[in-house]
Amino acid sequence: MFGLSWRRKSSDHRTAAHTWDLDQPLLMLSPQDAWTIRDALEGTIGLGATGSGKTSGSGCPIALAMLRAGFGGTVLTAKRGERELWESYCRATGRLGDLRVIGDGKLCFNFLNYEAKRPGAGGGISENIVNIFSTVLEAADRTKSGGGGQEDQGFWRRSMRQLVRNCVDLLLLAGVEVSIPSLYRVVISAPQNREQAAAAAWREKSLCFQCLQKAESRAQNPTQQRDFDLVADYFLFEFANLSEKTRSVVVSSFTSLIDVLNRGLLRELFSTTTNITPDVVEEGKIVVIDLPVKEFAEIGVLAQVLWKYMFQRAIERRDVKKSPRPVFLMADEAQYFITSYDQQFQTTCRAARVATVLLSQNVSNFYAALGHGDAGRAEADSLFGNLNTRIFHANGDPITNEWASSLIGRSRQLMSNGGNSQSRDWWTAMTGLGDPGQCSAGFSEIFEYEVQPAVFTRLRTGGPANGGIVDAIVVRNGKVFRQTGKVWLPVMFRQNTELEIR
């Protein structure tokens, strides 16, 4: 095994930020092989069973290396204590002043208002806001169903998207702030039938109708007029003409989704004011979402998926020539936060200088999160294919171990064989006369795994029993390690539970 060198003094990230040489080493995986900023930007996945040492073994030095190099980043949390862990990382690397924690109510992000008012050609486009809802809905469905959501809800999803799209367009045309509370009030005040839409009593009290009036008076160009006509037709005719059962299901789907965002902690964090946005990572800030899933359950998932999606969209829009600082997205127990958009993001995020680091137990977690059907599995496989550094720790999952062996590949190997046979009766056995028997030996060539799946079950997992040593096998796409001359490398990580960095 090779030693991983990471006990070194903290560097001044402000100096490093002026250069950002993509071939700058972050970690030494062997005396001859460096893991560079370029490697980090190509994505990393670490897999290992519970207790395998993936967090303290590979996760810790990767986090410290990126912090020392001056990365900004977003950290998603699944377990209690992760905030304190990242505080220790930032303290050890001189980055404590860059740490920002969302979760105690002091830092807030009105994501809808941000998307509606942000600069750029795509700012204020209703479909982008609708996509935010779809991503959050996916996470909510998965949390409730325990899997990839329901695959037979296509009509209702499309209908709810249509409702949200028209609500957002209406608020934008009327000049009303787009927020969770305002969307809710428009929906519940929409006409229930054609008779109500024409009734004076409804028009006097309905926010929906008031917004229609404002929007009509504000329409200033042909595009706005066409958009207004579509919105007015939707609410006054199409929506009002829906059967009571259909309309109630669509409305209930919408209100049940935003209900959790419209009350309590999530309302304070994401539906009031804004004093932090995902753009701060470009300045080197490290944003930790301190709403661990094991403590906050569905609320924690929704909040972190929402922030992650907004972070991904924001960072992909930046001009890396003007803002070249690398940033990271790091998630332990990553299966809780995976959505279908992650696969799309990972195909292009290297150009935006984003280092994705996902840690989990096995590949089956991702298949379950994205759905057990062919589509969900294809999304997961595509995501894996765009995470070019794979770190495999001790694991008892046969699917993951088989996958790891197949990534490393097969090679021609020589197998020896031999045998002997004797055919004697009692007379030849007593006298020593007769046929002495036959012996044979030879070699055969086979095409077999270079690293057998069973190897991954025997890797060391750290702790006192292993002297703090965590074993892993690192695999990189299309790059040969100098130490081994192969695409895989056995690495020894040294745990440092007290984080004594000098």
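Residues numbered from 1 in each chain as written. Predicted model: local features only at pLDDT ≥ 70, side-chain atom pairs only at ≥ 80, totals over all residues. Heavy atoms only, no water.

As a further point, take the nonpolar core. Ranked by internal contacts, the top residues of the largest apolar core, which has 107 residues, are F111, F133, F235 and F366. Sorting elements by how many residues they give to this core places helix α15 (residues 293–317) first, with 12 residues. Once residues lying within four places of it in the same chain are set aside, the contact partners of F111 are I132, I180, L261, F270, L306 and M310. Ranked by size, the runner-up nonpolar core spans 38 residues in total, among them M66, W86, C90 and A355. (Core = buried A, V, L, I, M, F, W, Y, C linked by side-chain atoms within 4.5 Å. Buried < 20%, exposed > 50% of the residue type's maximum accessible area, 1.4 Å probe, protein only. Helix = DSSP H or I, 4+ residues; strand = E, 2+ residues; numbered from the N terminus. Contact = heavy atoms within 4.5 Å.)

The end-to-end C-alpha distance of helix α3 (residues 54–68) is 20 Å, a good match for the 21 Å that 15 residues give at a rise of 1.5 Å each. With 13 of its 15 residues buried, α3 lies for the most part within the structure. Downstream of α3 by one or two residues, G70 has phi in the positive range, about 90°. (Expected span 1.5 Å × (residues − 1).)

At their nearest, the axes of helix α7 (residues 154–174) and helix α13 (residues 244–259) sit 9 Å apart, and the two run at 70° to each other. With respect to α13, the axis of α7 lies roughly perpendicular. On α13, the residues touching F155, W156, S159, M160, L163 and V164 of α7 are T246, V249, V250, S253, F254 and L257. Counted by class, the contact of α7 with α13 contains nine nonpolar, three polar and no charged residues. (Axes fitted to C-alpha atoms, helices over the stretch in contact; angles between N-to-C directions. Parallel < 35°, antiparallel > 145°, perpendicular 65-115°, else oblique. Nonpolar A, V, L, I, M, F, W, Y, C, P; charged D, E, K, R; others polar.)

Summed over the entire model, instances satisfying the criterion amount to 19 salt bridges. A salt bridge links E42 to K479, with the shortest nitrogen-to-oxygen separation between them at 3.5 Å. A residue pair is termed long-range when its members are at least 10 positions apart, and E42 in the loop between α2 (37–41) and β4 (44–47) and K479 in the loop between β13 (469–476) and β14 (488–494) qualify at 437 residues. In this structure K479 comes out as partly exposed when scored by relative accessible area, which is 24%. Of the charged contacts in the structure, one is a salt bridge between R263 and D259, with a shortest N-O distance of 2.7 Å. The exposed category is assigned to R263, whose relative accessible area is 52%. (Salt bridge = Lys/Arg side-chain N within 4 Å of Asp/Glu carboxyl O.)

Chain-level statistics for the chain give a pLDDT mean of 86 and a share of 85% at 70 or above. Segment residues 1–11: pLDDT under 50, and 50 contacts once partners within four positions in sequence are set aside and those in other chains are kept. Per-residue pLDDT stays below 50 along residues 497–502; that stretch engages in 13 contacts with residues further than four places along the chain or on separate chains. (pLDDT = per-residue confidence, 0-100.)

Together, E216, D227, D229, D233 and E238 give the surface a local cluster of negative charge. Here D233 lies in helix α12 (residues 222–241). (Patch = residues over 30% accessible without salt bridge, like charges linked within 9 Å, V, L, I, M, F, W, Y side chains within 5 Å. Areas by Shrake-Rupley, 256 points an atom, 1.4 Å probe, with all protein chains shown as cover. Lys, Arg positive; Asp, Glu negative; His and termini not counted. Charge placed at Lys NZ, Arg CZ, Asp CG, Glu CD.)

Attention now goes to the environment of S182. Within the fold, S182 resides in helix α8 (residues 180–188). Given the relative accessible area of 8%, S182 is considered buried. Once the C-alpha coordinates of S182 and L171 are considered, the two residues, 11 residues apart in sequence, prove to be 8.1 Å apart. If we ignore the near neighbours within four places in the chain, the residues touching S182 are L171, E177 and L207.

We now examine the packing of α7 against α12. Direction vectors running N to C along α7 and α12 enclose 130°, while the axes themselves pass 10 Å from each other. One element, α7, and the other, α12, form an angle in the oblique class. In the packing of α7 onto α12, the handedness of the crossing is left-handed. Contacts between α7 and α12 involve Q162, L163, N166, C167, D169, L170 and L173 from the former and Q224, D227, F228, L230, V231, Y234, F235, E238 and F239 from the latter. Here the contact of α7 with α12 is built from residues that sort into 10 nonpolar, three polar and three charged. (Left-handed = near helix turned anticlockwise from the far one by under 90°.)

Because an α-helix completes one turn every 3.6 residues, residues spaced three or four positions apart along the sequence face the same direction. Every buried residue belonging to helix α4 (residues 82–92) is among E82, W86, S88, Y89, C90 and A92, and all of these are buried. Against the buried residues of α4 lie α3, β5 (72–76), β6 (99–102), β7 (286–289) and β8 (327–332). Taken from the residues just after α4, G94 is the one with a positive phi, measuring 70°.

This part covers the packing of aromatic side chains. Within the structure shown, the criterion is met by 15 aromatic pairs. On the numbers, 5.1 Å between centres and 75° between planes, the contact of W86 with Y89 is edge-to-face. One end of the pair, W86, and the other, Y89, are both in helix α4, three residues apart, so they sit about a helical turn from each other. Judged on exposure class, the residue W86 and its partner Y89 are both buried. Residues F366 and F384 carry aromatic rings whose centres are separated by 5.3 Å and whose planes lie at 90° to one another, so their mutual orientation is edge-to-face. (Phe/Tyr/Trp six-rings, centres within 6.5 Å; stacked < 30°, edge-to-face > 60°.)

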